[in-house]
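For reference, the chains in residue letters:
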Amino acid sequence: MLRPALLILSGNAAASGFLFVRNLAVAALVPVADYGIAATFALAMAAVEMASSFGLQQQIVQARDGDDPRLQDALTGFQLLRGVLSAIALFALAGPLAMFLGIPEVTWAYRVLALVPLLNAMQHFDIHRLNRNARFGPLIAVNAVPAMLSLAVVWLLAIWVGDWRVMLGAILFQAATGAILSHLVAERPWRATVDRVFWSRTLRFGWPILLNAVILFLVFQADKLAVGRILGMTSLGVFAMAVTLTLTPSLVAAKTIQTALLPRLSGMVDTSGFAGLAGVALTASMVAGLALACAGILLGWTIAPWITATGYAALPQLIGPLAVMQGIRIAKSGSTVVALSVGLTGNAALSNLPRIAALVAGVAALYQGYGLPALIWLGVAGETAGFVLSTALVTYRTGLRWSADQIALGAFGIVSAAAALVMPYLLLAALAALVPLLFELRSARQTT
């Protein structure tokens, strides 16, 4: 299991790394307020993806008949319809979104972005089907190569236009190259069919995932909407950069855990080895989450002296708390993947509900003038409640028993990392908690 996991991790890290560097490049090449406008493009894309997310990629991996060409063709047809409807929705909402954010001059750009969900819908499903047999190369290539090329395009666009349009061009280029490359690495012909039986099954499988996508949009994007609306584009630019610095590695970790473990967990359901592998998933997620929290805190301390005279001077005080929040979210992903492997697609949505309550409280705090730190720490509280709820739901629904010692050790590490923002020496306690978790993960991996 280690070699495929490392391959997936390196591939996801490369893809996210290119996008991360692309965001840094755009931030360095345009004013802070323009970077705030550029950040709204990702927000707009997340909105339409949220509204049409049915877990199609997870279904072709998790389903027992995922290799059936008829299922793949039906999912392709469903995805194409989804892309067309998403494109229409984004085009129609371009004006209202621009007006809400106070940037009506950007309306045309949101309309151009409507091409992106259509291009994404043209991707070939073979890149996901091949994961069933641990063939991750095509998916990694489709994720990494377009991201790398879009980074190169940024520099050319910066010379040509030099403002927020740099990000618009890079996003369009990445979507187009991703669609083309997915067909180049595919083995089966691309066919989109309408199949009522498979589509009905997709709706049954996907509606809890759609619900969770709505919740995740609120979790990851609604706070940006609030910041842009209440505090303006400059504050949004700083906040969006802090989110990018912490969210990017968390998405890499969560995606790697799911891609590596979901096929194996799905294939071991109702076997004696399932419980052991489920324990590996939880331990791996806690290790990744605690490592991210510690790394984010160190990053905030490191960059503080270097950016005090720039438009991003407020960045260091946001990175540490955001890293703690994302660390807890990664820790929660282990139980989410276990639930998904047995078809409990609603677990993720239910476990994210506390985060929504925290978001509402955070937006209210912004309106009351408490600032961005209050918004973030309320998010930390919401993610903590979500972790407890997620593990409890999986325990109740599957009968699994998690290691109380591991959970306690992970909790101690996260609490120590959060406290280190006030008392820096406690970061050593957080790192000390990470070591036995790593040994436990190694021991569990060898027995599964």
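Not measured: the values here are computed from a predicted model.

Participant: What should I look at first to understand the overall build of the protein in this one?
Facilitator: Helix and strand content of the protein: 18 helices and zero strands. For the protein, the C-alpha radius of gyration of 21 Å lies close to 22 Å, the compact-globule estimate for 448 residues. In terms of overall dimensions, the protein has a C-alpha envelope of 60 × 55 × 35 Å along the principal axes. Within the protein, the proportion of its 448 residues that are buried is 55%. Sequence separation of 24 or more characterises 83% of the internal contacts of the protein that already satisfy a separation of 6 or more.

Participant: Help me understand the environment of Thr345 in this model?
Facilitator: For Thr345, the position within the fold is in the loop between helix 13 (316-341) and helix 14 (347-351). Thr345 sits 276 residues away from Pro69 along the chain, and the two C-alpha atoms are 24 Å apart.

Participant: Hey, could you run me through helix 16 (residues 372-398) in this one?
Facilitator: Helix length check: helix 16 (27 residues) gives 39 Å between terminal C-alpha atoms against 39 Å at 1.5 Å per residue, within 8%. Just beyond helix 16, the residue with positive phi is Gly399, at close to 85°.

Participant: When you look at the packing of aromatic side chains in this model, what are you seeing that I'm missing?
Facilitator: Any two aromatic rings considered together are summarised by their centre-to-centre distance and by the angle between their planes. Tallied over the entire structure, the rule returns four aromatic pairs. Geometrically, the ring pair formed by Trp108 and Trp164 is tilted, given 5.8 Å between the ring centres and 45° between the ring planes. You can see Trp108 sitting in helix 5 (residues 107-112) and its partner Trp164 sitting in the loop between helix 8 (137-160) and helix 9 (165-184), a full 56 residues away along the chain. Trp108 gets classed as partly exposed once you look at its relative accessible area, which sits at 42%. On the basis of relative accessible area, Trp164 is assigned to the buried category, the value being 9%. Cluster of aromatic residues (ring-pair linked, three or more members): Phe41, Trp108, Tyr110 and Trp164.

Participant: What exactly am I supposed to notice about the environment of Pro69 here?
Facilitator: Of note, Pro69 is situated in helix 4 (residues 69-100). Residue classification places Pro69 among the partly exposed positions, given a relative accessible area of 36%.

Participant: Explanation requested: helix 8 in the structure shown.
Facilitator: Residues lying three or four places apart along an α-helix face the same way, a consequence of the helix completing one turn every 3.6 residues. Over its 24 residues, helix 8 extends 35 Å from the first C-alpha to the last, a length consistent with the 34 Å expected when each residue adds 1.5 Å. Backbone geometry just downstream of helix 8 places Gly162 in the positive-phi region, at approximately 75°.

Participant: Which parts of the structure should I look at to understand the pattern of salt bridges?
Facilitator: Oppositely charged side chains may form a pair once their charged atoms are brought near each other. Under the definition given, this model contains six salt bridges. With a closest N to O distance of 2.8 Å, Arg129 and Asp126 form a salt bridge. With a gap of three residues between them, Arg129 and Asp126 both fall in helix 7 (residues 126-129), about one helical turn apart. Overall, the relative accessible area of 0% leaves Asp126 in the buried class. Residue Lys332 pairs with Glu383 through a salt bridge whose shortest N-O separation is 3.1 Å. With Lys332 in helix 13 and Glu383 in helix 16, this residue pair connects regions lying 51 residues apart in the sequence. Glu383 shares its class with Lys332; the two are buried. What emerges from the salt-bridge pattern is a single network uniting Asp126, Arg129 and Glu187.

Participant: In this structure, what is going on with the packing of helix 11 (residues 233-267) against helix 12 (residues 274-303)? I would like to understand it.
Facilitator: Packed helices, taken two at a time, are described by the angle their axes make and the gap between the axes. Contact geometry of helix 11 with helix 12 gives a least axis separation of 10 Å together with a crossing angle of 170°. Judged by the inter-axis angle, helix 11 sits roughly antiparallel to helix 12. Contacts between helix 11 and helix 12 involve Leu245, Thr246, Pro249, Ser250, Ala253, Ile257, Leu261, Arg264 and Leu265 from the former and Phe274, Leu277, Ala278, Ala281, Ala284, Ser285, Ala288, Leu292 and Leu299 from the latter. A class-by-class count of the residues in the contact of helix 11 with helix 12 yields 14 nonpolar, three polar and one charged.

Participant: Whenever I open this one, the environment of Met122 confuses me. Can you help?
Facilitator: Within the secondary structure layout, Met122 lies in the loop between helix 6 (115-121) and helix 7. Judged by relative accessible area, Met122 falls into the partly exposed class, the value being 30%. Separated by 58 residues in sequence, Met122 and Ile180 have C-alpha atoms that sit 8.4 Å apart. Apart from the residues lying within four places of it in its own chain, the contact partners of Met122 are Leu80, Ala179, Ser182, His183 and Trp190.

Criteria and thresholds
Every chain is numbered on its own, with residues counted from 1 as its sequence reads. At least 70 in pLDDT is required for a residue's local features to be given in this predicted model, at least 80 for side-chain atom pairs to be given and counted, and no such filter applies to totals for whole chains, interfaces and linings, which use all residues. Hydrogens are left out, water is left out, and the side-chain values use all remaining heavy atoms of the structure. Elements are defined by DSSP. Helices are runs of H or I of four residues or more, strands are runs of E of two residues or more, and each kind is numbered from the N terminus. Throughout, the radius of gyration refers to the C-alpha atoms, and the reference size of a globule is 2.2 Å times the residue count to the power 0.38. Note on exposure labels: buried denotes an accessible area under 20% of the residue type's maximum, exposed denotes more than 50%, and partly exposed covers the range between, all computed with a 1.4 Å probe on protein chains only. We call two residues in contact when some of their heavy atoms are within 4.5 Å. Every helix has an expected span of 1.5 Å times one less than the residues it contains. Side-chain rings of Phe, Tyr and Trp (the six-membered ring for Trp) are treated as a pair once their centres are within 6.5 Å; stacked means planes under 30 degrees apart, edge-to-face means over 60, and tilted covers the remaining angles. Just to be clear on terms, a salt bridge is a Lys or Arg side-chain nitrogen sitting within 4 Å of an Asp or Glu carboxyl oxygen. Note on geometry: axes are C-alpha line fits, over the in-contact stretch for helices, and angles between N-to-C directions span 0 to 180 degrees. Angle categories are assigned with fixed cut-offs, so that under 35 degrees is roughly parallel, over 145 is roughly antiparallel, 65 to 115 is roughly perpendicular, and the rest are oblique. Polarity classes work like this: nonpolar for Ala, Val, Leu, Ile, Met, Phe, Trp, Tyr, Cys and Pro, charged for Asp, Glu, Lys and Arg, and polar for all others, with Gly in that last group.

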